[in-house]
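# A structural walkthrough
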Amino acid sequence: MMTESDATSLTSIAYRGGGFRAETRSVPAERAVAISVGGSTHAVMMATPSALEDLAIGLVLNERIADAFGEIERIEVVETDMGTDVQLWLTPERAKTYVARRRQMTGPVGCGLCGVESLELAARDLPRVAEHPRPLAPQDITLAMDRMAGAQALSRLTRAVHAAAFHRREADGASMVVCQEDVGRHNALDKVAGHLARQGVDPGSGFLTITSRVSVELIQKAAVMGCPVIAAVSAPTELAISEAKAAGVTLVAVTRGDEFEIFTHPERIEGAAVAARAAGHPSAGEGRFDAA
C-alpha cells in the first residue's frame, strides 16, 4: 500500500506542442536499505521505503536464512542519516546455524544477484514446488493481472516502480491477497513473501503476478516460497525458463490483455497441457496430472 513517503512531487520543464511549460511530476522515493541479521549487515540495496519489515522478512525467508517466520525472534527498523537499517534477530537455535555471507548489494535495482561472493551462491539448489491443488483458468491469470494493475497506486503516480502480487483462486475467479510496489522488482516480490509469512498465508495456496521481465532470481524466490505459478507482464530469460522447469514452477509471461504465453509446466492452466501435447511442445508431460 502506497504511503505519503513513497513519492515526492517536483517541478519539471516539459516540451509539449512545440513549446515549454512547467509541470508537476511525482517521482518514487528511493533509499538505501540495509538488512541486518543478528547485528551483522547481510545486504544493502536501494528500495522504496515502504513495507520494509515485509521486505526484510521476505528476503530472509527467500534466502533461507530462516526456514519459517517463527524463527525470526524480533525485528526493528532503525533510521540513520545514511539510510534505513532493518534489523532482525533469529531465535537462538536458528542463530547458531546462521553464517553471514557478507553480501554488499550496493545500489542495484535491476539485479537481485549483484554482489554475491561466488557462482555457487548464484546457482542455488532449489526445492521442487508441489502441485497446485487445482489448475487455474486462463481468465484467472488475466483477472489477476487486471487487479494488480488496479492496485498500483505508486506506479500510476510515478510510472517508475514495479509491482508483485499474490492471488488465490476463488469460485468466482482470482482474488488478490496483497500487492506490493518497489523500485526493485525483486524487492517487491520479497515484500509479498514477507507479508504472506506475517499473515500466515501459505504461498502454495495461490499464485504470483509481477510487472517485470522474469529473470532467474524471481523464479528462485517463487520456488523457495513454494508458489507453483508466477505470471509476468514481460518475457523471461532462458535461464529463468530452465530454472522454472527444474523447480516445478509454472511460468506464464508476456501477458497482454487476455493473451499470454506459458513456458513451463502447462498442466496447471486449464486446457494448456492438451494444446502442448498436440503441438509437441517440450513442456508437454512435465507435470504429474493433466488438465482437461
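These notes cover the structure that comes with them.

Analysis parameters
- Residues numbered from 1 in each chain as written.
- Predicted model: local features only at pLDDT ≥ 70, side-chain atom pairs only at ≥ 80, totals over all residues.
- Heavy atoms only, no water.
- Axes fitted to C-alpha atoms, helices over the stretch in contact; angles between N-to-C directions.
- Helix = DSSP H or I, 4+ residues; strand = E, 2+ residues; numbered from the N terminus.
- Parallel < 35°, antiparallel > 145°, perpendicular 65-115°, else oblique.
- Contact = heavy atoms within 4.5 Å.
- Nonpolar A, V, L, I, M, F, W, Y, C, P; charged D, E, K, R; others polar.
- Buried < 20%, exposed > 50% of the residue type's maximum accessible area, 1.4 Å probe, protein only.
- Polar contact = N/O pair within 3.5 Å; in protein donor to acceptor, adjacent residues only side chain to side chain.
- Core = buried A, V, L, I, M, F, W, Y, C linked by side-chain atoms within 4.5 Å.
- Salt bridge = Lys/Arg side-chain N within 4 Å of Asp/Glu carboxyl O.

### Remarks on the packing of helix 1 (residues 52–62) against helix 6 (residues 185–199)
Where helix 1 meets helix 6, the axes come as close as 6 Å, and the angle between the chain directions of the two elements is 90 degrees. As the angle between them shows, helix 1 and helix 6 are arranged roughly perpendicular. Contacts between helix 1 and helix 6 involve E53, D54, L55, I57, G58, L59, L61 and N62 from the first element and N187, D190, K191, A193, G194, H195, A197 and R198 from the second. Within the contact of helix 1 with helix 6, the residues separate by chemical class into six nonpolar, five polar and five charged.

### A closer look at the side chain of T48
Here T48 is to be found in the loop between strand 4 (40–47) and helix 1. Owing to a relative accessible area of 0%, T48 belongs among the buried residues under this scheme. Here the side chain of T48 touches V183 through a polar contact of 2.9 Å, landing on its backbone nitrogen. Non-local contacts of T48, meaning those with residues more than four positions away in its chain, are made with D6, A29, L154, V161, E181, D182, V183 and K191.

### Brief notes about the environment of S40
Relative to the assigned elements, S40 resides in strand 4. The exposure class assigned to S40 is buried, which follows from its relative accessible area of 12%. Taking the C-alpha atoms as reference, S40 lies 9.9 Å from W89; in sequence the two are 49 residues apart.

### Some words on the nonpolar core
Ranked by size, the top nonpolar core spans 29 residues in total, and within it F166, L208 and I230 carry the most contacts. For this core, the secondary-structure elements that each account for two or more residues are strand 7 (162–170), helix 6, strand 9 (207–210), helix 7 (216–225), strand 10 (229–232), helix 8 (238–247) and strand 11 (250–256). The element contributing the most residues to this core is helix 7, with six residues.

### Here we look at the pattern of salt bridges
Tallied over the entire structure, the rule returns 10 salt bridges. Put simply, R169 and D140 hold a salt bridge, and the shortest N to O gap is 2.8 Å. Here D140 lies in helix 4 (residues 138–150) and R169 lies in strand 7, a separation of 29 residues in the sequence. Classification of D140 by relative accessible area gives buried; the value is 4%.

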